[in-house]
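Each chain, written out:
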Amino acid sequence: MHKKYSSRKAEVFTMKEAVQDLLNTYRLKDRFDEAQLISSWEKIMGAPIARRTNKIFIKNKVMFIELKSAPLKHELNGSKSKVLALFRAEFGHDIVNEVIFI
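Quick summary incoming for the structure in this document. Keep in mind the model is a prediction, meaning the values are calculated, not measured. (Residues numbered from 1 in each chain as written. Predicted model: local features only at pLDDT ≥ 70, side-chain atom pairs only at ≥ 80, totals over all residues. Heavy atoms only, no water.)

**Side note on the sheet that holds strand β2 (residues 62–67)**
Okay, step 1: Strand order in the open sheet formed by 3 strands is β1-β2-β3, and the pairing between neighbours is mixed. Unpaired on one side and paired on the other, β1 (53–59) and β3 (98–101) mark the two borders of the sheet. The mean angle between the axes of side-by-side strands here comes to 15°, regardless of whether they run parallel or antiparallel.
Okay, step 2: The pairing of β2 with β3 spans 4 bridges and is classified as parallel. Bridging from a neighbouring strand, Phe64 pairs with Ile100 of β3. (Pairing = 2+ DSSP bridges. Helix = DSSP H or I, 4+ residues; strand = E, 2+ residues; numbered from the N terminus. Axes fitted to C-alpha atoms, helices over the stretch in contact; angles between N-to-C directions.)

**A word on the pattern of salt bridges**
Okay, step 1: With the rule as written, the count across this model stands at 3 salt bridges.
Okay, step 2: Two residues, Lys29 and Asp33, come together in a salt bridge whose shortest N-O distance is 3.2 Å. On the criterion of helical spacing, the pair formed by Lys29 and Asp33 is a turn pair, its members being 4 residues apart in helix α2 (residues 29–39).
Okay, step 3: What makes Lys29 partly exposed here is its relative accessible area of 24%.
Okay, step 4: Close ionic contact of Glu90 with Lys43 constitutes a salt bridge, the shortest N to O distance being 2.8 Å. Separated by 47 residues along the polypeptide, Glu90 in helix α6 (residues 80–91) and Lys43 in helix α3 (residues 41–45) bring together distant segments of the chain. (Salt bridge = Lys/Arg side-chain N within 4 Å of Asp/Glu carboxyl O. Buried < 20%, exposed > 50% of the residue type's maximum accessible area, 1.4 Å probe, protein only.)

**Side note on α6**
Since the α-helix advances by 3.6 residues per turn, residues separated by three or four positions end up pointing in the same direction.
Okay, step 1: Compared with an ideal rise of 1.5 Å per residue, which puts 12 residues at 16 Å, α6 spans 17 Å between its outermost C-alpha atoms and is within 8% of the ideal.
Okay, step 2: By the burial criterion, the buried members of α6 are Val83, Leu84, Phe87 and Phe91. Along the long axis of α6, the arc covered by the buried residues comes to 95°, so they all point the same way. Residues of α6 that are exposed and angled more than 90 degrees away from the buried face: Ser81, Lys82 and Ala89.
Okay, step 3: Next to the buried residues of α6 lie α2, α3, β2, α5 (70–77) and β3. (Expected span 1.5 Å × (residues − 1). Arc of directions from axis to C-beta. Contact = heavy atoms within 4.5 Å.)

**Some details on the environment of Ile56**
Okay, step 1: Of note, Ile56 is situated in strand β1.
Okay, step 2: Residue classification places Ile56 among the buried residues on the basis of a relative accessible area of 18%.
Okay, step 3: Along the backbone, Ile56 and Trp41 are 15 residues apart, and their C-alpha atoms lie at a distance of 8.8 Å.
Okay, step 4: For Ile56, the residues in contact, after removing those within four places along its chain, are Ile38, Trp41, Met63, Phe64 and Ile65.

Here it is as structure tokens:
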């Protein structure tokens, strides 16, 4: 009278693999990566830049960063490719295609 569930996989997965599979199944990987990028802003860019950041959001693969400091905004506008390279180095793939400092 016991039912056997055939949909269960016999292989053993790590927790990371299981979470990645879940995110891919429900098509949440992009949103998860975006949230992870935003939460990693201070780690990637450093505390001095993070302290001068008001708001960060991502829309249509474009990251918008609102800064408190006009000189910092000007400096980072000239270094957009370096900022994108830091993101790519941290995550191993492109999460955003463009960065806009406002």
